[in-house]
Amino acid sequence: MTPAATTLAAAATGHGFLSPTGVEIAFVLVGLATLGAAVVTVTTKQLVHAALWLVVALGGIAVEYLLLTAEFIAWVQVLIYLGSVVVLLLFGLMLTKAPIGRSPDADSNNRPVALGVALVAAASLVWVVVDAFRTTWIDLDGPAQGSTKVSGEILFQHWVLPFEALSVLLLAALIGAIVLSRRDTAASGSADDTNTKGQQR
C-alpha cells in the first residue's frame, strides 16, 4: 500500500459521519438550538422578545466558534455583537418606547416573499460552504485555529476585497440611516411650523 493510500485510509478511519465525537455532537446540538432561536427571532411579533432571542442566537454562534477552537473570534462575537449591537438594539427599543406586547405596526404583509428570499439565501450559503470545505477537517486537538495571528493572516491575505466591500456596505447603510432620520426630522419640523401658523391665525 502506498503512503498516500495509507494516509487516506487513516483519514477515513479517523473521521466519519457514522462515528461522531463528543465535540461534533455538541456542535450539532448547539447549532440546532441556535437555528431555533434565529427562527423565533424573525417570527415573533414582540420586538423585545425578538431582541432577547437574538441574544440567544448570537451566543450560540459564539459557542460554535469555541467548539471549533476559534477562541479569539468567539470572544469578538461576544464583545461586539452581544456586548454592543444587542445592547444598542435594546436601548433603541426603550428610547423609542416600543410596545412590550405584540406590535401590529411592525408586521409586514410580505412574509411569503421574505420567506422565499431567506430559503434561497440559506440554500445558496449551505451549498457554497459545503462545496468549499467538503474535504477539510479541523484538528480540534491541534493548535488554535482562531488566534489573532491566524485570523489576521487569513483576513488580510485572502479576504481583503470582501472585507473592504463589507466596510463600504456598512458605510452606505450608515449614510442612508442619517438621510432617512434627517428627512423625518425635517418633515416633522415643517408639520409643526404649519400647525403653529394655523393656531396663530
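None of these values were measured; they are calculated from a predicted model.

## Observations concerning the overall build of the protein
Helix and strand content of the protein: seven helices and zero strands. Seen in sequence order, the protein has helices and strands lined up from the N terminus as α-α-α-α-α-α-α. Looking at the protein as a whole, 10% of its 201 residues are labelled buried. Of all intrachain contacts in the protein linking residues separated by at least 6 positions in sequence, the fraction that spans at least 24 positions is 69%. A total of about 15,400 Å² of accessible surface is found on the protein, and carbon and sulfur atoms cover 72% of it.

## Digging into the confidence of the model for the protein
Model confidence for the protein is summarised by a mean pLDDT of 75, while 68% of its residues fall at 70 or above. Across the protein, element-level confidence peaks in helix H2 (residues 22-43) with a mean pLDDT of 90 and bottoms out in helix H1 (residues 3-14) with 43. In the predicted structure, residues 1-13 sits below a pLDDT of 50 and forms one contact with residues beyond four places in sequence or in another chain.

## Looking at a nonpolar patch on the surface
On the surface, Ile25, Phe27, Val28, Leu29 and Leu32 cluster together into a nonpolar patch covering about 460 Å² of accessible area. Topologically, valine 28 is positioned in helix H2. Here valine 28 falls in the partly exposed class, since its relative accessible area comes to 48%.

## Some remarks on the environment of leucine 47
Among the secondary structure elements, leucine 47 is positioned in helix H3 (residues 47-67). Its relative accessible area of 30% is what places leucine 47 among the partly exposed residues. Measuring from C-alpha to C-alpha, the distance between leucine 47 and leucine 90 comes to 9.4 Å, with 43 residues separating the pair along the chain.

Rules of the game
- Every residue gets a number counted from 1 within its own chain, in the order that chain's sequence is written.
- Only residues with pLDDT of at least 70 get local features here, since the model is predicted, and only at 80 or more are side-chain atom pairs given and counted; chain-wide, interface and lining totals rely on the full set of residues.
- Excluding hydrogens and water, the side-chain figures rest on all heavy atoms present in the structure.
- Strands here mean DSSP runs of E at least two residues long; helices mean DSSP runs of H or I at least four residues long; both are numbered from the N terminus.
- Burial classes follow relative accessibility: with a 1.4 Å probe on protein chains only, a residue under 20% of its type's maximum area counts as buried, one over 50% as exposed, and anything between as partly exposed.
- Note on contacts: a residue pair is in contact if any heavy atoms of the two residues lie within 4.5 Å.
- Surface accessibility in these figures is a Shrake-Rupley result with a 1.4 Å probe; residues are shielded only by whichever protein chains are displayed.
- Note: pLDDT gives the predictor's confidence per residue, expressed from 0 to 100.
- Patch membership requires over 30% relative accessible area and the absence of a salt bridge. Like charges are linked within 9 Å, and nonpolar side chains (Val, Leu, Ile, Met, Phe, Trp, Tyr) within 5 Å.
- Whenever Lys or Arg places a side-chain nitrogen within 4 Å of a carboxyl oxygen from Asp or Glu, that contact is recorded as a salt bridge.

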